[in-house]
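In case you want the letters, here they are:
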Amino acid sequence: MTANSDIRHRNASLISITRVLPPETVSSSYFDEQLAQTYKRLKMPKGLLERLAGITERRSWGAGMTFEDGAVAAGEQALAAAGIDKEQVGLLINASVTRDNFEPAVAVGVHDRLGLPRHALTFDITNACLGFVNAMTVASTMIDAGAIDYALIVAGEDPSPWHATALRQLNRPDSTRDDVLAQFATLTLGSGAAAAVLGRSDLHPDAHKIVGSVTRAGTEHRDLCVGGEADTGMNTDAAGLLKHGLELVAEAWEEASQNGWDWSNMTSYVTHQISNAHTNAIIEAVDLDRERLPLTFPVWGNVAAAALPMTLAEDSVKYSKGDRILCLGVGSGLNTALMEITW
């Protein structure tokens, strides 16, 4: 029995992919200002986010928009770019980490606001930062099975409640250096939204063929990054997450290569966007060409499940027909996913 899940698609293509950037910018220096007294008390230098993570800024929806607004806007753009009528959509999946309530699903609000048909299956897939890639696999499998002709996948993210909680916790008079390290990853998060339309390859021969995906679970590491409700925030063992996440990627990559996947010379490697350290480590772990990795985290931060599709949408304007793209991510849990797309 293999350790990877290995799924190959026959008739599924990516027809369009879009991203929506929130209107406001939040610099890393803003967090330095908010934590100035804590850093001084703990004798820690300012500029940690920019120096260690390589993140100078991230986006915020501000007071006038929500993550759902972003998901709806991205969905509208993706449908328009695909030239697909809403009545043709047979499946809507929301893949975001962000949610206001435990129920109903975020997808139902997006479905309602987009005016999608009643026959469209509608639900959420939540799997930390891998949700969007997982949703693409589920949608592609349903297209292969003939259950649907078209799927719309969306993700809108807003970590601002977690930002507020982290700042409140770190500005307590008894906060420690360990507390700063545990909240460091929270302050790298940014807001944004993405959407994609998937459909049948035989109906769209010029679309981008979804070749397949490989996933691998390392759930013994499920406690390395745990995000709760807004008032409890998110705590991350960044060093452990990096170490074990990269081990999981390397194991998945090695076994995939033994099962017929050859990703040694892809046109572009679109990774989940986290930080300088993560990017450098993944390059070393599987020997990637740095020039083939588009980077958006320096100005968008880590946009959770929307980060990878937003980066793919941003970089896609450079692609030509026949280019081979590998989408690669690690999500808290731990899980990793690698998806190949032929442009």
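Being a predicted model, the structure only gives us computed values, none of them experimental.

1. Some points on helix α5 (residues 106-114)
Here's step 1: Along α5, the residues classified as buried are V106, A107, G109, V110, H111 and L114.
Here's step 2: Taken together, the buried residues of α5 touch α4 (67-82), β5 (91-94), β6 (121-124) and β7 (150-157).

2. Things to note about the environment of H163
Here's step 1: Within the fold, H163 resides in helix α7 (residues 160-170).
Here's step 2: Separated by 27 residues in sequence, H163 and G190 place their C-alpha atoms 9.5 Å apart.
Here's step 3: A polar atom in the side chain of H163 sits 3.3 Å from the backbone oxygen of T186.

3. Focus on the pattern of salt bridges
Here's step 1: According to the stated counting rule, one finds 15 salt bridges in the structure shown.
Here's step 2: We note a salt bridge from R113 to D69, for which the minimum N-O separation is 2.9 Å. Of this pair, R113 sits in helix α5 while D69 sits in helix α4; the two residues are 44 residues apart in sequence, bridging distant segments of the chain.
Here's step 3: Across the salt bridge formed by D202 and R200, the nearest N and O atoms sit 3.0 Å from each other.
Here's step 4: Residue classification places D202 among the partly exposed positions, given a relative accessible area of 47%.
Here's step 5: Connected via shared salt-bridge partners are E68, D69 and R113.

4. Here's the deal with the packing of α7 against helix α8 (residues 177-184)
Here's step 1: Viewed as axis vectors pointing N to C, α7 and α8 meet at an angle of 175°, and their least axial separation amounts to 10 Å. When the axis of α7 is compared with that of α8, the two are roughly antiparallel. The segment α7 lies against α8, with A166, Q169 and L170 engaging D179, V180 and Q183.
Here's step 2: Tallied by class, residues from the contact of α7 with α8 come to three nonpolar, two polar and one charged.

5. Considering the packing of aromatic side chains
Given two aromatic rings, one states the distance between the centres and the angle between the planes to describe the pair.
Here's step 1: Tallied over the full model, the rule gives five aromatic pairs.
Here's step 2: Between W253 and W263 the ring centres are 5.7 Å apart and the planes differ by 65°, which places this aromatic pair in the edge-to-face class. Of this pair, W253 sits in helix α9 (residues 238-258) while W263 sits in the loop between α9 and β12 (268-271), and the two are 10 residues apart along the sequence.
Here's step 3: When its relative accessible area of 13% is taken as the criterion, W253 is described as buried.

6. Things to note about the side chain of H9
Here's step 1: Its location among the elements puts H9 in the loop between β1 (5-8) and β2 (12-20).
Here's step 2: According to the relative accessible area criterion, H9 is buried, its value standing at 7%.
Here's step 3: At 3.0 Å, the side chain of H9 forms a polar contact with the side chain of D144.
Here's step 4: With near-sequence residues (within four places) excluded, H9 lies in contact with T137, S140, T141, D144, K209, I210, V211 and G212.

7. Observations regarding the nonpolar core
Here's step 1: Within the largest apolar cluster, 39 residues are counted, with the highest numbers of intra-cluster contacts made by L14, F132, M136, I153, L198, L312 and I341.
Here's step 2: Among the secondary structure elements, those contributing two or more residues to this core are β2, β5, α6 (131-144), β7, β8 (192-200), α12 (307-315), β13 (324-331) and β14 (335-342).
Here's step 3: When residues in this core are grouped by element, the largest group, seven residues, is from α6.
Here's step 4: One finds V106, L114, V154 and A195 within the second-largest nonpolar core, a separate group that totals 25 residues.

Conventions we followed
Residues numbered from 1 in each chain as written. Predicted model: local features only at pLDDT ≥ 70, side-chain atom pairs only at ≥ 80, totals over all residues. Heavy atoms only, no water. Buried < 20%, exposed > 50% of the residue type's maximum accessible area, 1.4 Å probe, protein only. Helix = DSSP H or I, 4+ residues; strand = E, 2+ residues; numbered from the N terminus. Contact = heavy atoms within 4.5 Å. Polar contact = N/O pair within 3.5 Å; in protein donor to acceptor, adjacent residues only side chain to side chain. Salt bridge = Lys/Arg side-chain N within 4 Å of Asp/Glu carboxyl O. Axes fitted to C-alpha atoms, helices over the stretch in contact; angles between N-to-C directions. Parallel < 35°, antiparallel > 145°, perpendicular 65-115°, else oblique. Nonpolar A, V, L, I, M, F, W, Y, C, P; charged D, E, K, R; others polar. Phe/Tyr/Trp six-rings, centres within 6.5 Å; stacked < 30°, edge-to-face > 60°. Core = buried A, V, L, I, M, F, W, Y, C linked by side-chain atoms within 4.5 Å.

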